[in-house]
Amino acid sequence: MIPPFFMLTNKKILIGVSGSIAAYKIAVLVRLLVKEGAIVKVIMTPASTAFVTPLTLSTLSKNEVLHSLATDSSWANHVLLGRWADVMLIAPLSCNTLAKMAHGLCDNLLTAVYLSATCKVLVAPAMDEDMWHHATTKENIEKIKSFGNLVLPVHHGELASGLRGEGRMAEPEEMITYLQNYFQQHTTLAGKQIVITAGPTYEPIDPVRFIGNHSSGKMGIALAEECKNRGATVLLIHGPIKQQIPVGMHSISVQTAQQMYDACMKVFENTDIFIMAAAVADYAVAEISETKIKKKEDELILTLHKTPDILKQLGAIKKKEQLLVGFALETDHEKENAIKKLKLKNADYMILNSMRDKGAGFGYDSNKITIFDKAENCFEFALKSKKEVAADIVNTITQKGHV
Ligand code: CTP
């Protein structure tokens, strides 16, 4: 593992400065980040330019500092800025900018970049104690946390008003440590190639009909996102899904189980971790009609053939250092069936979903899982959002040091 003091080398850090007296400390922060080898860009709200000048920050960051959405002759591409960064750190975060973040207002460059940022956003609030303890501020902080933003703690001490209390911005040195720890945690899967399958497969009957299932692909996508956020190179092989594929990963779209099998086989050799979260059809129509099947007799009999069992085939050729993870969706005898599948398919982990658990399974945003390993150890988890479930799965399958 890379020691924390090298964690910021070549990291792209976008600092958003909003209007607070603590803005003067950002000059020190930028200086320290550059010394750590980070690539730093700074954007400012118009109000913050009264506390520290763009010239100071552009000189220290060695990059142009932008503070408006457009000049007479050019437009600041806020979307590209938010995509450029590995992390956006809004420091100091004023009460006003916090409120705008909580409510989706974007009347300046900083808030427009925030709304279009695809990277993690960290904030370091700075305000007087009474503002910090105001019910609206508390609510807004909770709101931006619920959006996935990370909030650095504020300190107790002397404030701009001359009073003492809570609301002081974290010191630049602390922000550096926070960023180092953040990158260390989020690079645990750096250099790993991870393939995740998601969604249903559709098996055509004729040009207008198919056999499918209700899988939405949400669990597979949450897993793909979690692995990407931990620094892995992620390939998502997905069946027909309505979900948007998150940015920052590769994807292959397939329709049928056979197509999914072909795509999986092609990439398996170079994969460190392979997670089969897709609900693959077990049977496909033996003879697909080239024309629409017309309604004739009272009964229509279709002959179905077994599709390839992708997980089982991967289990048969898997190398010792590769980690193979499957899902088992069960309606009865859950544990026995999950363990049976784990062994039969030579997977390292099997993640059990029971259709009997409320709020778990196809289509929901939540899930309740139990993970089994080869030694039949069983890790049970509560009902959680699919995002949290994805973190539990990744933590569990990587904890034994296989990766
Ligand atoms: N799976 C697969 N290829 C298939 C069917 C399933 O790779 N043709 C994978 C799934 O992606 C999942 C695991 O096998 O990771 C178990 O899938 P599941 O549908 O629960 O079980 P099946 O093996 O299909 O058995 P059954 O339908 O009888 O429960």
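Residues numbered from 1 in each chain as written. Predicted model: local features only at pLDDT ≥ 70, side-chain atom pairs only at ≥ 80, totals over all residues. Heavy atoms only, no water.

(A) Region of the structure containing the overall build of the protein. Looking only at helices and strands, one finds 13 helices and 21 strands in the protein. For the protein, the spread of C-alpha atoms along the principal axes amounts to about 85 × 50 × 40 Å. In the protein, buried positions account for 48% of the 403 residues. Long-range contacts, defined here as pairs at least 24 residues apart, represent 66% of the contacts in the protein between residues at least 6 apart. On the protein, roughly 20,200 Å² of surface is accessible, and the fraction owed to carbon and sulfur atoms is 53%. Separation between the mean location of the 44 positive side-chain charges and that of the 42 negative ones in the protein comes to 2 Å. (Helix = DSSP H or I, 4+ residues; strand = E, 2+ residues; numbered from the N terminus. Buried < 20%, exposed > 50% of the residue type's maximum accessible area, 1.4 Å probe, protein only. Contact = heavy atoms within 4.5 Å. Areas by Shrake-Rupley, 256 points an atom, 1.4 Å probe, with all protein chains shown as cover. Lys, Arg positive; Asp, Glu negative; His and termini not counted. Charge placed at Lys NZ, Arg CZ, Asp CG, Glu CD.)

(B) Main features of the site of the ligand. The environment of the ligand is formed by 16 residues, the closest being Met276, Ala278, Leu311, Lys341 and Lys345. Here Asp282 contributes a side-chain N or O atom positioned 2.9 Å from an oxygen atom of the ligand. With respect to the ligand, the backbone of Phe327 contributes an N or O atom lying 2.9 Å from an oxygen atom. Relative to its unbound accessible area of 570 Å², the ligand is 77% covered by the protein chains. The set of elements that each furnish at least two residues to the shell around the ligand consists of helix 11 (310-317) and strand 16 (323-330). (Near = heavy atom within 4 Å. Polar contact = N/O pair within 3.5 Å; in protein donor to acceptor, adjacent residues only side chain to side chain.)

(C) Spatial organisation of the pattern of salt bridges. All told, the structure shown has 15 salt bridges when counted by the stated rule. In this structure, the salt-bridge partner of Arg209 is Asp206, at a minimum N-O distance of 2.4 Å. Residue classification places Arg209 among the partly exposed positions, given a relative accessible area of 35%. Taking the relative accessible area as the measure of exposure, Asp206 reaches 3% and is therefore buried. (Salt bridge = Lys/Arg side-chain N within 4 Å of Asp/Glu carboxyl O.)

(D) Structural view of the nonpolar core. Counting residues in hydrophobic clusters, the biggest one holds 34 residues, and the most contacted among them are Ile15, Leu33 and Leu57. For this core, the secondary-structure elements that each account for two or more residues are strand 1 (12-17), helix 1 (26-35), strand 2 (39-44), strand 3 (87-93), strand 4 (120-125) and helix 8 (172-185). For this core, the element with the highest residue contribution is helix 1, accounting for six residues. Setting aside anything within four residues of it in sequence, one finds Leu33 in contact with Leu8, Ile13, Ile15, Ala38, Val40, Ile176 and Leu179. By size, the runner-up hydrophobic cluster in this structure holds 31 residues, among which are Leu223, Leu323, Ala390 and Ile393. (Core = buried A, V, L, I, M, F, W, Y, C linked by side-chain atoms within 4.5 Å.)

(E) The domain arrangement of the protein, seen in detail. Here the protein is described as being made up of domain 1 (4-185) and domain 2 (193-291 + 299-399). In this structure, domain 1 and domain 2 have C-alpha centres spaced 39 Å apart. (Domains from an automatic or database assignment.)

(F) Spotlight on the environment of Val30. Assignment of secondary structure puts Val30 in helix 1. Exposure remark for Val30: the relative accessible area of 0% places this residue in the buried category. The spacing of Val30 and Lys242 is 212 residues in sequence and 42 Å in space, taken between C-alpha atoms. Setting aside anything within four residues of it in sequence, one finds Val30 in contact with Ile15, Val40, Val42, Leu57, Leu60 and Ser61.

(G) Up close: helix 12 (residues 334-344). Residues Glu334, Asn337, Ala338, Ile339 and Leu342 constitute the buried set of helix 12. On its buried face, helix 12 sits against strand 16, strand 17 (349-354) and strand 19 (369-373). Trailing helix 12 by a residue or two, Asn346 shows a phi angle of about 55°, which is positive.

(H) Representation of the sheet that holds strand 13 (residues 273-276). Read across the sheet, eight strands follow the order 12-11-8-13-16-17-19-20 without closing on themselves; strand pairing throughout is mixed. This sheet does not close on itself; its edge strands, each paired only once, are strand 12 (250-253) and strand 20 (378-380). For this sheet the average axis-to-axis angle between neighbouring strands, irrespective of direction, equals 15°. Examined bridge by bridge, strand 16 and strand 17 share six bridges and lie parallel to one another. If you follow Leu329 over to strand 17, its bridge partner there is Asn353. (Pairing = 2+ DSSP bridges. Axes fitted to C-alpha atoms, helices over the stretch in contact; angles between N-to-C directions.)

(I) Spatial organisation of the environment of Ala279. Relative to the elements of secondary structure, Ala279 occurs in the loop between strand 13 and strand 14 (283-285). In sequence terms Ala279 and Asn213 are 66 residues apart; their C-alpha atoms lie 7.5 Å from each other. Aside from chain neighbours lying at most four places away, what touches Ala279 is Gly199, Pro200, Thr201, Asn213, Ser215 and Phe362.

(J) Just a nonpolar patch on the surface, in detail. Taken together, the side chains of Tyr283, Leu300, Leu302 and Leu304 make up a nonpolar region of the molecular surface, amounting to roughly 370 Å² of accessible area. Relative to the helices and strands, Tyr283 resides in strand 14. (Patch = residues over 30% accessible without salt bridge, like charges linked within 9 Å, V, L, I, M, F, W, Y side chains within 5 Å.)

(K) Quick look at the pairing of strand 16. Of all eight residues in strand 16, seven are buried; the element is thus mostly enclosed. In terms of strand pairing, strand 13 meets strand 16 through four bridges, oriented parallel. Each bridged residue has a counterpart across the sheet, and for Ile275 the counterpart in strand 16 is Val325. Since strand 16 and strand 17 lie parallel, the crossover through helix 12 that links them has a hand, and here it is right-handed. (Right-handed = clockwise from strand over helix to strand, strands pointing away.)

(L) Molecular detail of the side chain of Gln322. Tracing the backbone shows Gln322 in the loop between helix 11 and strand 16. The contact partners of Gln322, leaving out residues within four places of it in the chain, are Phe268, Glu269, Thr271, Asp272 and Asp348.

(M) Spatial organisation of the packing of helix 10 (residues 257-268) against helix 11. One can describe the packing of helix 10 onto helix 11 by two numbers: an axis separation of 10 Å at closest approach and a directional angle of 20°. When the axis of helix 10 is compared with that of helix 11, the two are roughly parallel. In terms of crossing hand, the pair formed by helix 10 and helix 11 is right-handed. Of the residues in helix 11, those in contact with Ala257, Met260, Tyr261, Cys264, Met265 and Phe268 of helix 10 are Ile310, Gln313, Leu314 and Ile317. Grouping the constituent residues of the contact of helix 10 with helix 11 by class yields nine nonpolar, one polar and no charged. (Parallel < 35°, antiparallel > 145°, perpendicular 65-115°, else oblique. Left-handed = near helix turned anticlockwise from the far one by under 90°. Nonpolar A, V, L, I, M, F, W, Y, C, P; charged D, E, K, R; others polar.)

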